[in-house]
Amino acid sequence: MIQIINLDKENVIAARISDKVSKNDVEKIHPLIHDIIDKVMKVNFYFELVDFESYTLKGFWDDIKVDSAHISDYGKMAFVGEKNWQEWAAKATDFFTSSEVRFFELESKEDAQKWINF
């Protein structure tokens, strides 16, 4: 599930991600991406991964489609998590994108927010 937690910064999408991410969850984020792109800005992301398990198959496929369509529109991505595999997933994201991607432990979320300018 994706829960938007803040949209106060005009180029940052901040969300808490938990359980499984579905196609509907990805569809919540996509128009927000376009809102920022329409302002001729790079999209920065702040994701808190709390009790995050994985994606549904449709959610994963939709996320890949959205990301590949907007790969050059992304700026920084801050992943804040609690598990080693989440850090590995953030590093894998860094490999597939031109964005600057960093993983932060949950205890360091203020550092992540400062880094992403959130």
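That block above? That's the structure.
Below, the structure is looked at part by part. (Residues numbered from 1 in each chain as written. Predicted model: local features only at pLDDT ≥ 70, side-chain atom pairs only at ≥ 80, totals over all residues. Heavy atoms only, no water.)

## Some words on the packing of helix α1 (residues 23–37) against helix α2 (residues 57–69)
Note the following rule: Only C-alpha atoms enter the line fits that serve as axes; for helices the fit covers just the stretch in contact. Angles between N-to-C directions range over 0 to 180 degrees. Only DSSP runs of H or I reaching four residues or more are called helices, and only runs of E reaching two or more are called strands; each is numbered from the N terminus. For classification purposes, angles smaller than 35 degrees are called roughly parallel, those larger than 145 roughly antiparallel, those between 65 and 115 roughly perpendicular, and all remaining angles oblique. What makes a crossing left-handed is the near helix being turned counterclockwise from the far one by less than a right angle; a clockwise turn instead makes it right-handed. By the convention used here, residues are in contact when the closest approach between their heavy atoms is within 4.5 Å. Residues were grouped as follows: Ala, Val, Leu, Ile, Met, Phe, Trp, Tyr, Cys and Pro as nonpolar; Asp, Glu, Lys and Arg as charged; and all remaining residues, including Gly, as polar.
Contact geometry of α1 with α2 gives a least axis separation of 8 Å together with a crossing angle of 20 degrees. Regarding the angle of α1 to α2, the classification is roughly parallel. Note on packing geometry: the crossing formed by α1 with α2 is right-handed. Counted together, Lys23, Val26, Glu27, His30 and Ile33 of α1 and Lys58, Gly59, Asp62, Asp63 and Val66 of α2 form the full contact between these two elements. For the contact of α1 with α2, the class distribution of residues is 3 nonpolar, 2 polar and 5 charged.

## Remarks on the sheet that holds strand β3 (residues 43–55)
Note the cut-off: Strands qualify as paired when DSSP identifies two bridges or more between them.
Judged by pairing direction, the sheet is mixed, and its 5 strands sit side by side in the order β1-β2-β3-β4-β5 without closing on themselves. Edge positions in the sheet fall to β1 (2–6) and β5 (100–105), since each of these pairs with one other strand and no more. Strand-to-strand twist in this sheet, taken as the mean axis angle between neighbours without regard to direction, amounts to 20 degrees. Sheet analysis places strand β2 (residues 12–21) next to β3, joined by 9 bridges and oriented parallel. In the strand pairing of β3, Ile17 is matched with Leu49. Against the sheet, α1 engages β1, β2, β3 and β4 (74–81), with an angle of about 170 degrees to β2. Each of β2, β3, β4 and β5 touches helix α4 (residues 109–116); the most contacted strand, β4, lies at about 175 degrees to it.

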